[in-house]
Amino acid sequence: MKGLYAIVDTQSLAAREVDPLAYARAVLTARPTALQLRAKDLPPREVLGLLRALLPECRRVGARLFNNDRPDLAALAGCDGVHVGQHDMPLEQVRRLAPSLAVGVSTHNADELRRALAARPAYVAFGPVFATASKAQPEPTVGLRGLAAAAALVAGTGVPLVAIGGIHTAVARDIARFADAGAVIAGLYGDDPSSVPAVSLRAEQLHWLLSHRPDDTHRPDGSGVGGESPLREASA
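Residues numbered from 1 in each chain as written. Predicted model: local features only at pLDDT ≥ 70, side-chain atom pairs only at ≥ 80, totals over all residues. Heavy atoms only, no water.

Caption draft 1: Local environment of the overall build of the protein. A tally of helices and strands in the protein yields 9 helices and 8 strands. Of all 236 residues assigned to the protein, the portion counted as buried reaches 50%. Within the protein, contacts between residues at least 6 apart in sequence are counted, and of these 58% link residues at least 24 apart. Summed over its atoms, the accessible surface of the protein is roughly 10,900 Å², and 51% of this surface lies on carbon and sulfur atoms. (Helix = DSSP H or I, 4+ residues; strand = E, 2+ residues; numbered from the N terminus. Buried < 20%, exposed > 50% of the residue type's maximum accessible area, 1.4 Å probe, protein only. Contact = heavy atoms within 4.5 Å. Areas by Shrake-Rupley, 256 points an atom, 1.4 Å probe, with all protein chains shown as cover.)

Right under this line is the structure:
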């Protein structure tokens, strides 16, 4: 797992009158490492329908599809995995219910991180690194120092570390110093999340920045990091 872990949050998209499937297709042009559907505002039948529509889109670009919170719906839709938080179904119970699913776990401090690592999840998410408006009652921010400490705990375990919280293009290179991937919601929106070209471009930028540590000396097109980016500028 490396680069952009894109989250399609149906509630925040609905507030902006953006169709989640069209938005996901725009994000998927960047070929992110994973895409998560976060649909806490929708009834199960609609969530299942969205997952089934997203699955072939993700398969086409090689992105893993995760559902948020509901392993039963993830299994029914044929998803790659499910993401659970500290107050959701325990990882061991998820594995008994849906053994075929990869399970990612949110953590917010060192104790939660250690407990999650002991269970050997598909990945651990850690944060929020920076302030975020994507949750009504977010946990305290950990900052880059906290993320660095999490990276030290994760080192050598073989479990990917996904940074969460307040990630956008201006901080993505700092995130890439410590984490394998960065989970992004609002950082993909920009001024107009309904604009497919703008969302696609921002996703490309974030995926590249989160995939390459700051000491990388060459871009995929062969240009040095001090040279011109192969990506066009996106509006902030």
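Text resumes after the structure shown.
Caption draft 2: The arrangement of the environment of Arg59 in detail. Among the structural elements, Arg59 can be located in helix H3 (residues 44-61). Judged by relative accessible area, which is 45%, Arg59 ranks as partly exposed. Note: C-alpha distance between Arg59 and Asp80 (21 residues apart in sequence) is 10.0 Å. Within the structure, Arg59 has its side chain in polar contact with the side chain of Asp80 (distance 3.0 Å). (Polar contact = N/O pair within 3.5 Å; in protein donor to acceptor, adjacent residues only side chain to side chain.)

Caption draft 3: Structural view of unusual backbone geometry. A cis amide bond, omega 10°, links Gly127 with the succeeding residue Pro128. The phi dihedral of Asp69 is positive, around 80°, even though this residue is not glycine. Structurally, Asp69 is set in the loop between strand S3 (64-68) and helix H4 (71-77). The residue Arg120 is not glycine, and still its phi comes out positive at about 55°. Mapped onto the fold, Arg120 is located in the loop between helix H6 (110-118) and strand S6 (123-126).

Caption draft 4: Summary view of the sheet that holds S3. The sheet built from 8 strands closes into a barrel, its strands ordered S1-S2-S3-S4-S5-S6-S7-S8 with parallel pairing. Ignoring strand direction, the axes of neighbouring strands in this sheet form an average angle of 25°. As paired elements, strand S4 (residues 81-84) and strand S5 (residues 102-107) share 4 bridges and run parallel to each other. Looking at the pairing, Gly81 lines up with Ala102 of S5. Strands in contact with H6 are S5 and S6; relative to S6, the strand with the most contacts, it is inclined by about 170°. (Pairing = 2+ DSSP bridges. Axes fitted to C-alpha atoms, helices over the stretch in contact; angles between N-to-C directions.)

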